[in-house]
Structure formats: C-alpha cells, structure tokens
Amino acid sequence: ASAFFFGQFVSSFFWGWLSDRVGRRPILLIGLVGSSISILTFGFSSSYAMATGARLFGGLINSNWSIARAYLGDITDKTNRVRAFGFIGMMWGAGTIVGPALGGVLSNPLENFGFLGIFHEGSVWETHPYFLPTVVGAVISIVALIMAFFLLPESKVFTTDAVPLSNLATGASMDDGEAKVTVEGEGLLEKKK
C-alpha cells in the first residue's frame, strides 16, 4: 500500500501542474486508464517485486484524488462547495470500507466459490487467487472511464492575459483596461473586457 502512496507523493505535483495546463478532464481520464492497468497488473503479480511495482505505477500515473478535488473547486462556488467536498470525503470513506471488504470476499474464488462450477483447478483463479477482486476493481475503473469520456465536461477555464506589444514597449500593464483572451471548454476563444 505504501508504494501507491509514495508514487502519488512523487507525481501529484506534476499531475496538478499538467491539469492546470491541459485541463482536468484529460488527466482524470489518464488516471482511470492507469488505474485499470495497475489494478490488473497487481492481480497478475507473481512476485512481491511485481506487486510493489504495479502499486508504484498506479500511484505515479493516478493522481485523481487531488485532480478530482481541483475539478470540484472549478465547478462549485461558496453556495455548494462545502457540500460537494463533504460528499467526496464521504465517498472516499465508503470506498475504504467497502473496497477491502469486497476484495476479501472475492479473493481465492476457487476455494470460496468453486462449488459454482465457474472456477476450475489449473486455471488463472488457482495460480492468481487475488485476480478476481482486481478484475472487479478494473471493471469499476473502466466503467468510470467510459462515463467520464462521454459525460464529463472540462471544468477548467483557461485564461491568458494578452499584453499588447505596444504595452511591452512602453512598460504599460494589463491594468490599463486591455482585453483578456479567455479559452473556454473546447478551445473557443472569446475576448473579454
């Protein structure tokens, strides 16, 4: 578990910086893809080093917790921010309770659910007894990826202060009432005074 959080510690500043440049949505999508790969790799691990590497990769590629909070900050205001952040905290808590419990129930399916006739000796379920909970986790992540791809709009509004060349030559600043160029949504440019 510490390898994942170490990976997040090392990479979270980069992902935050990148989300300020390219937007929250692409970084959230990358995190969901990386999470799915990391989870499945962890389930297929045949050694401690491979399992630790999978968790480290998951932490390095997935900084969705901090980016999701930035997304909430972008789409909320003072009238609903406390409620939104309370909800995300509640979902984090629910996930830390339900996730390990579900993982424990689904682990070692050959032994626990062999009577169903779905899991057979000599199959991947015998050689990788923790693969089923990781498949369920990856499926959840992939469903979230599909939903985010089709339903999640970009939250970041990109603003660039455009300083005319004449201001640079004279030393004037943006406070002189010059126009600002704002990039919103899908890259539409709009001038604001």
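Computed from a prediction, not measured in an experiment: that's the story for all the values here. (Residues numbered from 1 in each chain as written. Predicted model: local features only at pLDDT ≥ 70, side-chain atom pairs only at ≥ 80, totals over all residues. Heavy atoms only, no water.)

As for the packing of helix α1 (residues 2-22) against helix α2 (residues 24-44)
Argument step 1. Contact geometry for α1 and α2: axes closest at 7 Å, N-to-C directions at 135°. Taken as axis vectors, α1 and α2 run oblique relative to one another. Contacts from Trp 15, Leu 18, Ser 19, Asp 20 and Val 22 of α1 reach α2 at Arg 24, Pro 26, Ile 27 and Ile 30.
Argument step 2. For the contact of α1 with α2, the class distribution of residues is six nonpolar, one polar and two charged. (Axes fitted to C-alpha atoms, helices over the stretch in contact; angles between N-to-C directions. Helix = DSSP H or I, 4+ residues; strand = E, 2+ residues; numbered from the N terminus. Parallel < 35°, antiparallel > 145°, perpendicular 65-115°, else oblique. Contact = heavy atoms within 4.5 Å. Nonpolar A, V, L, I, M, F, W, Y, C, P; charged D, E, K, R; others polar.)

Let's talk about the packing of aromatic side chains
Argument step 1. In the structure shown here, the tally under the stated rule is eight aromatic pairs.
Argument step 2. Look at Phe 44 and Phe 131: their rings are 4.4 Å apart centre to centre, the planes differ by 40°, and that puts the pair in the tilted class. Of this pair, Phe 44 sits in helix α2 while Phe 131 sits in helix α8 (residues 131-151), placing them 87 residues apart in sequence.
Argument step 3. In this structure Phe 131 comes out as buried when scored by relative accessible area, which is 10%.
Argument step 4. Each ring, one from Phe 119 and one from Trp 125, has its centre 5.3 Å from the other, and the planes form 90°; the classification is edge-to-face. With respect to burial, Phe 119 and Trp 125 carry one shared label: buried.
Argument step 5. These aromatic residues form a ring-pair network of at least three members: Phe 44, Phe 119, Trp 125 and Phe 131.
Argument step 6. The aromatic ring of Phe 42 is capped on one face by Arg 55, whose charged end is 6.0 Å from the ring centroid. (Phe/Tyr/Trp six-rings, centres within 6.5 Å; stacked < 30°, edge-to-face > 60°. Buried < 20%, exposed > 50% of the residue type's maximum accessible area, 1.4 Å probe, protein only. Lys NZ or Arg CZ within 6 Å of the ring centre and 35° of its normal.)

Description of a nonpolar patch on the surface
Argument step 1. Together, Val 139, Ile 142, Val 143, Ile 146, Met 147, Phe 149, Phe 150 and Leu 151 give the surface a local cluster of nonpolar side chains, amounting to about 810 Å² of exposed area.
Argument step 2. Take Val 139: it is sitting in helix α8. (Patch = residues over 30% accessible without salt bridge, like charges linked within 9 Å, V, L, I, M, F, W, Y side chains within 5 Å. Areas by Shrake-Rupley, 256 points an atom, 1.4 Å probe, with all protein chains shown as cover. Salt bridge = Lys/Arg side-chain N within 4 Å of Asp/Glu carboxyl O.)

Details of the pattern of salt bridges
Argument step 1. Enumeration over the complete set of coordinates arrives at two salt bridges.
Argument step 2. Asp 20 serves as the salt-bridge partner of Arg 24, at 2.7 Å between the closest nitrogen and oxygen.
Argument step 3. Residue Arg 24 is classed as buried on the basis of its relative accessible area of 6%.
Argument step 4. Residue classification places Asp 20 among the partly exposed positions, given a relative accessible area of 36%.
Argument step 5. Residue Asp 74 is joined to Arg 24 by a salt bridge in which the shortest nitrogen-to-oxygen separation is 2.8 Å. Here Asp 74, found in helix α4 (residues 64-75), pairs with Arg 24, found in helix α2; they are 50 residues apart in sequence, far enough to count as distant.
Argument step 6. Ionic contacts of the salt-bridge type, sharing partners, join the residues Asp 20, Arg 24 and Asp 74 into one network.

Structural notes on the environment of Ala 84
Argument step 1. Checked against the element boundaries, Ala 84 lands in helix α5 (residues 81-106).
Argument step 2. The exposure class assigned to Ala 84 is buried, which follows from its relative accessible area of 16%.
Argument step 3. For the pair formed by Ala 84 and Gly 73, sequence separation is 11 residues and the distance between their alpha carbons is 9.0 Å.
Argument step 4. With residues up to four places along the chain from it excluded, the contact list for Ala 84 reads Leu 72 and Thr 76.

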